[in-house]
Amino acid sequence: QAQTTAPQSFEEDLVLRQKNNQTKADDKNAPTTVQSERLWGRPERFIHFENDVEVVKGATTMNADKATYRFLEDEVDAEGKVSLQRNGDCYKGDSARIQLDSSSGNVINPVYKLLRNNAQGKAEKIDFIDEERSLIHQGTYSTCDGLDPDWYLRAETLDLDTGLDKGIAGKSVLYFLGTPILATPSLTFPLSGARHSGFLPPVFGASSKGGAEFALPYYFNIAPNRDLTLYPKVISRRGLQLGAEGRYLGETYRGETSLEGLNNDRVTNTNRYALTSVHQQQLLPELALNWNLNYASDDNYPSDFSNSITKTSQRLLLRDINFTYTGSFWNLNLRASNYQVLQDYAAPIARPYDRLPQLQFHAEQHDVKGFDWSADAMLTRFWHPTQVRGDRLVLNPQVSFPMVEPGYFVVPKVSLHATTYQLSNIVPGQDPNFHRVVPTFSVDSGLVFERQSTLLGKEVTQTLEPRLFYVRTPYREQSAFPNFDSGVADFNFAQIFSENRFTGQDRIGDANQITAALVSRYIEMDGEERLKLALGQRFYFNTQRVTLDNVNSPSRSDLLLAASGKVSPTLSADAALQLNQSTHQSVQASYGIRWQPEVKKILNLSYRLQRDTLKQLDISGQWPIANRWYAVGRSNYSLMDKRVVDGLVGFEYKADCWSLRFLAQRFAVNSTNNNSGFSIQLELNGLARLGIGNNPIEALKRNISGYQPISER
Amino acid sequence: CGFALRGPVSFPFKSIYIGLSDGSSLGGELKRQIRANGQTQITAEAKDAEVILDVLSETREKQILSLNSQGRVREYNLLYNFRFRLRDAVGKEYLEPVTVQLKRTITFNEAQVLAKESEEALLYRDMQSDLVQQIMRRLSVVKMDQ
């Protein structure tokens with residue numbers, strides 16, 4: 001009841017199938033040649049061959065001590081050290097009979113070895129149905145080399161179909177290190193790794209909230225571009241959860257939808273379910289439809305049912321549907337969007353505004369007599385159950401005249417930001433109408449110097465790029481304006497070269513400021529950037545008066561420092577620092593090192609600070625600790641809370657034809673709870689990943705940046 | 001100290017077709033940079049160009065970078081992957097497929113989710129400018145006589 005790997009993408013699968021089909025040989029019309037030391041027979045009836053007999057027809061070669069060819073049946077009977085090779089697959093047995101034209105026949109007491117996936121075993125008899133199908137009776141199947149395989153399947157019948165690339169075992173028992181570990185009435189597995197319908201490995205598990213769990217997913221390979229996976233799962237304390245995930249791909253559309261639910265949860269006595277659906281479709285050459293819909297029946301759904309932090313950390317579920325019409329240099333977008341908030345009552349979240357609907361027009365053209373221009377118009381109806389609602393229209397035309405030469409650039413730019421609001425659900429006496437028109441003038445300019453240099457013995461081009469950016473935006477009183485979608489932007493290298501210190505459209509910051517930055521890059525001879533050093537600072541000529549949520553914008557002219565690059569082929573590092581110039585304290589900092597001396601051997605170390613919000617040390621790695629043994633781990637430690645926010649530790653063992661992994665995980669799911677779990681996975685190459693707990697490979701890839709599965713070569 | 005103002009980059013080809021639509025702002029920025037060097041023609045049709053810049057993939061990805069002690073995301077990594085190659089009209093490759101990956105960090109707070117949407121867009125634009133420079137560097141060292 002198993003299949004090797006999780007279904008791959010449709011594109012990868014197609015490539016794999018094409019590759020498999022290329023290896024087939026057509027030997028229908030090939031001549032038959034026979035060699036031996038002695039022969040006798042009766043013309044047109046039979047020929048008997050003896051001593052070192054070799055029969056060759058097309059891709060089939062048979063060697064034996066004795067053989068008889070019968071003309072009428074076009075058949076060869078062979079006995080004594082029979083060795084048969086078909087399309088690279090090898091069978092050795094006591095005797096064999098092959099019908100040469102149809103390639104059907106049988107081998108008695110064979111040992112076999114298949115070329116494609118190194119599968120091998122022995123049997124009482126193998127029947128060749130045709131060129132592609134063979135039926136193994138009372139046989140074994142393994143991908144391990146040698147007479148005493150670490151694991152094997154013993155089956156009453158094994159139906160191998162290289163055309164469909166599929167193996168079906170009848171009543172069978174799986175042995176691992178001599179011990180039977182799984183008995184099954186039927187089992188399907190792929191012969192090469194392409195996707196097939198069949199059961200995926202069962203998952204046993206336990207969680208603190210649900211008790212013991214057992215899931216047995218089934219995969220339907222409906223068509224090369226459509227599939228469906230069903231996830232029935234018994235959760236001992238809650239009941240039976242059913243899940244389905246469908247994927248599809250067409251010429252003009254693609255998407256993925258999953259739905260899961262549990263009727264009458266025995267813990268909460270409610271029906272609980274969740275939906276995720278992503279879809280993209282080109283309705284007309286110019287018109288596209290996209291949706292991204294997420295829904296959960298209640299606030300605790302993800303933390304009760306999900307064992308993955310990528311889901312439990314999402315407390316805002318997006319629901320978005322939009323149409324985009326694309327013209328020659330413009331596009332029009334109509335969108336409806338809101339977020340479902342999964343509240344954590346110990347740390348409540350403010351509900352974001354719904355945009356029902358939002359109509360956006362964007363046009364831009366480059367190099368119109370040297371000018372670049374763009375125009376945006378945005379009409380949005382913001383809705384909130386309790387707060388001020390409103391319709392907002394924003395018009396934002398921009399014109400710039402970029403003067404770009406290889407050694408320098410100057411880009412003067414003017415833009416106008418016009419906004420009008422019509423509010424509802426307001427406090428009596430409050431003005432429902434607001435208008436604002438703000439012009440902005442900016443000049444971005446820079447020089448690029450170069451020189452030839454060396455970096456750690458390698459020839460490089462070093463650049464020196466000073467840049468100056470001036471912005472002037474007059475002050476407009478906007479303290480009474482609503483805040484639908486604005487926030488103070490992070491202070492970083494992208495932000496210091498943008499005109500507005502706020503993101504969104506509700507606040508346009510007054511500015512009379514200049515930003516100076518210096519960047520130096522080291523570029524290798526093939527054009528790859530090896531190292532980048534940057535330094536930037538903003539200088540204010542005014543006191544900023546526009547505020548958001550009545551919090552004064554700090555009149556900061558913090559210093560930004562950043563460095564990133566490859567110190568050596570195995571060592572890379574990056575650092576970013578925001579320094580407050582008045583207190584000389586770091587406001588934000590991050591330092592990271594990655595060392596990867598060889599494949600499957602990596603160490604990551606990083607430190608991240610956001611003053612008063614976050615202070616974390618993060619260590620992760622994958623490291624060989626003994627012959628065939630690897631240790632894996634991650635610790636994301638919060639220095640502020642003195643607590644591991646996200647931790648994982650495990651060991652992996654890699655044998656030639658199987659691997660085994662143990663993994664323990666613990667992460668925070670809300671302000672009061674942690675989720676901890678344990679998983680064991682046995683991966684039998686070419687057969688299945690059998691496991692207890694959740695898919696550890698997914699957890700390892702997410703937690704350890706640069707992790708490489710040990711079963712991959 | 002040896003630094004000199006960067007001169008025009010002489011590309012080893014005389015004309016190029018950029019496989020990005022007219023509406024693409026990445027395409028617009030890249031074409032401007034190529035034109036600024038003055039010596040290379042940008043053709044409107046792929047068949048007229050000596051070399052073709054083939055965009056193989058352009059993907060955006062958002063990864064969780066850090067969580068607070070309540071298990072909520074406080075930082076994301078934004079990844080921008082761009083894969084391209086350079087070939088001529090008959091398919092001869094002058095530059096094997098290369099991937100350029102750019103990365104930015106963005107802080108996150110549930111209360112500001114709408115504001116963060118537009119901040120993400122700003123960071124992607126910033127990465128795009130960086131990407132254009134990196135593509136230019138790669139194009140200028142292409143060997144045409146392979």
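Everything numeric in this text was worked out from a predicted model, so none of it was measured. Every chain is numbered on its own, with residues counted from 1 as its sequence reads. Ligands are numbered from 1 and chains lettered from A, in the order in which they are written. The predicted origin of the model limits local features to residues at a pLDDT of at least 70 and limits the giving and counting of side-chain atom pairs to 80 or more, whereas totals for whole chains, interfaces and linings rest on all residues. Based on all heavy atoms of the structure, the side-chain values leave hydrogens and waters out of the count.

Undergrad: A description of the overall build of chain B should follow, citing residues and the corresponding values.
TA: Put simply, DSSP H or I for four residues or longer makes a helix, DSSP E for two residues or longer makes a strand, and each gets a number counted from the N terminus. Secondary structure summary: chain B contains two helices and six strands in total. When the helices and strands of chain B are read in sequence order from the N terminus, they spell out β-β-α-β-β-β-β-α. For a compact globule of 146 residues, the expected C-alpha radius of gyration is about 15 Å, and chain B comes in at 19 Å, more than 25% above that figure. With the principal axes as the frame, chain B shows a C-alpha extent of 60 × 45 × 25 Å. Counting only residues that meet the buried cut, chain B has 54% of its 146 residues in that class. Long-range contacts, defined as pairs at least 24 residues apart, comprise 66% of the intrachain contacts of chain B with a sequence gap of at least 6. Entry remark: accessible area of chain B is about 6,400 Å², with carbon and sulfur atoms responsible for 44%. Put simply, the radius of gyration uses C-alpha atoms, and a globule should come to 2.2 Å times the residue count raised to 0.38. For every residue, the accessible area (1.4 Å probe, protein chains only) is compared with the maximum for its type, and the residue is labelled buried under 20%, exposed over 50%, or partly exposed between those bounds. Contacts between residues were defined by any pair of non-hydrogen atoms, one from each residue, lying within 4.5 Å. All accessibility values rest on the Shrake-Rupley procedure with a 1.4 Å probe; residue burial counts only the protein chains present in the view.

Undergrad: Explain the interface of chain B and chain A residue by residue, including any values.
TA: Each partner contributes residues to the interface: chain B has 49 residues there, and chain A has 72 residues. Interface area, chain B with chain A, both sides summed: about 4,900 Å², of which 54% is carbon and sulfur. Here's the idea: put two parts together, see how much 1.4 Å probe accessible area each one loses, and the total over both is what we call buried area. For chain B, the biggest contributors to the area lost against chain A are Phe3(B), Arg32(B) and Leu114(B); these three give 15% of the whole. Whenever a carboxyl oxygen of Asp or Glu lies within 4 Å of a side-chain nitrogen of Lys or Arg, that contact is scored as a salt bridge. Remark: the boundary between chain B and chain A carries eleven salt bridges. The salt bridge partner of Arg35(B) is Asp367(A), with a shortest N-O separation of 2.9 Å.

Undergrad: Explain the pattern of salt bridges to me, using residue names and the numbers behind them.
TA: Using the criterion set out here, one finds 58 salt bridges over all chains in the structure. Salt-bridge contacts for Arg521(A) lead to Glu529(A); the nearest nitrogen and oxygen are separated by 3.2 Å. With relative accessibility at 10%, the residue Arg521(A) sits in the buried group. Linked through salt bridges whose partners overlap, the residues forming this network are Glu465(A), Arg521(A), Glu529(A), Lys532(A), Arg104(B), Asp126(B) and Asp130(B).

Undergrad: Can you explain the side chain of Ser134(A)? Please cite residues and give values.
TA: Topologically, Ser134(A) is positioned in strand β11 (residues 133-141). What Ser134(A) contacts, discounting residues up to four positions off in sequence, is Tyr91(A), Ile126(A), Asp127(A), Phe128(A), Ile129(A), Leu158(A), Asp159(A) and Leu160(A).

Undergrad: I'd like a rundown of the packing of aromatic side chains, residues and numbers included.
TA: By convention here, two paired aromatic rings are described through the distance between centres and the angle between planes. Residues and elements named next belong to chain A. Each pair of aromatic rings taken from Phe, Tyr and Trp, with Trp reduced to its six-membered ring, is defined by centres within 6.5 Å and is described as stacked if the planes are under 30 degrees apart, edge-to-face if over 60, and tilted in the remaining cases. By the definition in use, this model includes 27 aromatic pairs over all chains. A centroid spacing of 5.0 Å and a plane angle of 45° characterise the contact between Phe434 and Phe481, whose relative ring orientation is tilted. Taken as a pair, Phe434 in strand β34 (residues 433-447) and Phe481 in the loop between β36 (458-473) and β37 (487-488) lie far apart in primary sequence, 47 residues in all. On the accessibility criterion, Phe434 (11% relative accessible area) is buried.

Undergrad: Please provide a residue-by-residue account of the side chain of Ser638(A), values included.
TA: If you trace the backbone, Ser638(A) turns up in strand β46 (residues 629-638). On the basis of relative accessible area, Ser638(A) is assigned to the buried category, the value being 4%.

Undergrad: Break down helix α2 (residues 113-140) of chain B for me, with residues and values.
TA: Between its first and last C-alpha, α2(B) extends 41 Å over 28 residues, near the 40 Å set by a 1.5 Å rise per residue. With 20 of 28 residues buried, α2(B) is to be regarded as a mostly interior element. What a helix should span is 1.5 Å times the count of its residues minus one.

Undergrad: Lay out the sheet that holds strand β6 (residues 93-107) of chain B with the relevant residues and their values.
TA: Residue and element names in this part refer to chain B. Here, a strand pair is defined by DSSP locating no fewer than two bridges between the strands. Taken together, the five strands give an open sheet; going across it, the order is β3-β2-β4-β5-β6, and neighbouring strands pair in mixed fashion. Where the open sheet ends on each side, the last strands, each with one partner, are β3 (41-42) and β6. As defined by bridge partners, strand β5 (residues 73-87) adjoins β6 across twelve bridges and the pair is classed as antiparallel. Residue Leu86 lies in a different strand from β6, and its bridge partner there is Leu95. Fitted lines through C-alpha atoms give the axes, limited to the stretch in contact for helices. The angle between two N-to-C directions lies from 0 to 180 degrees. α2 contacts β2 (15-18), β4 (51-67), β5 and β6 of the sheet and is inclined by roughly 150° relative to β6.

Undergrad: Explain the environment of Arg661(A) to me, using residue names and the numbers behind them.
TA: Residue and element names in this part refer to chain A. Secondary-structure assignment places Arg661 in strand β48 (residues 658-668). With relative accessibility at 2%, the residue Arg661 sits in the buried group. Between the alpha carbons of Arg661 and Asp641 there is a distance of 31 Å; along the sequence they are 20 residues apart. Ignoring any residue separated from it by four or fewer positions in sequence, one finds Arg661 in contact with Phe651, Glu652, Ser679, Ile680, Gln681, Glu683, Pro696, Ile697, Leu700, Tyr707, Ile710 and Ser711. Nitrogen and oxygen atoms within 3.5 Å of one another constitute a polar contact, given that in protein one can donate a hydrogen and the other can accept it, and given that sequence-neighbouring residues count only through two side-chain atoms. Within the structure, Arg661 has its side chain in polar contact with the side chain of Glu652 (distance 2.7 Å).

Undergrad: Describe helix α1 (residues 25-36) of chain B, and please don't skip the residues or the numbers.
TA: Residues and elements named next belong to chain B. The end-to-end C-alpha separation of α1 is 17 Å, in line with the 16 Å expected for twelve residues at 1.5 Å each. Of all twelve residues making up α1, nine are buried, and the element is well covered by its neighbours. Regarding α1, the residues found buried are Leu26, Gly27, Gly28, Leu30, Lys31, Arg32, Gln33, Ile34 and Ala36. Note on α1: the residue one or two positions beyond its end, Gly38, has a positive phi of about 80°.

Undergrad: Which residues make up the confidence of the model for chain A, and what values do they have?
TA: pLDDT is a per-residue confidence score from the predictor, ranging from 0 to 100. Of all residues in chain A, 91% attain a pLDDT of 70 or more, and the chain-wide mean is 86. Taken as a whole, residues 1-7 of chain A scores under 50 in pLDDT and shows 42 contacts with residues more than four places along the chain or in a different chain.

Undergrad: Account for the pairing of strand β16 (residues 187-190) of chain A, naming residues and giving values.
TA: Residues and elements named next belong to chain A. Here β16 shows no split at all, with Leu187 and Phe189 on one side and Thr188 and Pro190 on the other all buried. For strand β13 (residues 166-169) and β16, the ladder comprises four bridges, and the chain directions are antiparallel. Looking across to β16, one finds that Ala169 is bridged to Leu187.

Undergrad: Which residues make up empty space enclosed by the protein, and what values do they have?
TA: Residue and element names in this part refer to chain A. A cavity here means a set of 1 Å grid points, computed over protein atoms only, where a 1.4 Å probe fits but cannot escape. A pocket is an open set with protein on both sides within 12 Å along at least 5 of 7 lines, and lining residues have an atom within 4 Å of a point. Grid points are joined across faces, edges and corners, and a volume is the space filled by probe spheres set on the points. This model, assessed by the stated rule, comprises four cavities of 30 Å³ or more. Of the voids in this model, the largest cavity is the one considered here, and its volume is about 70 Å³. Elements with a contribution of two residues or more to the lining of the largest cavity: α2 (301-305) and β49 (674-684). The nonpolar class holds Ala, Val, Leu, Ile, Met, Phe, Trp, Tyr, Cys and Pro. Asp, Glu, Lys and Arg form the charged class, and all remaining residues, Gly among them, are polar. Its residues assigned to classes, the lining of the largest cavity shows one nonpolar, seven polar and two charged.

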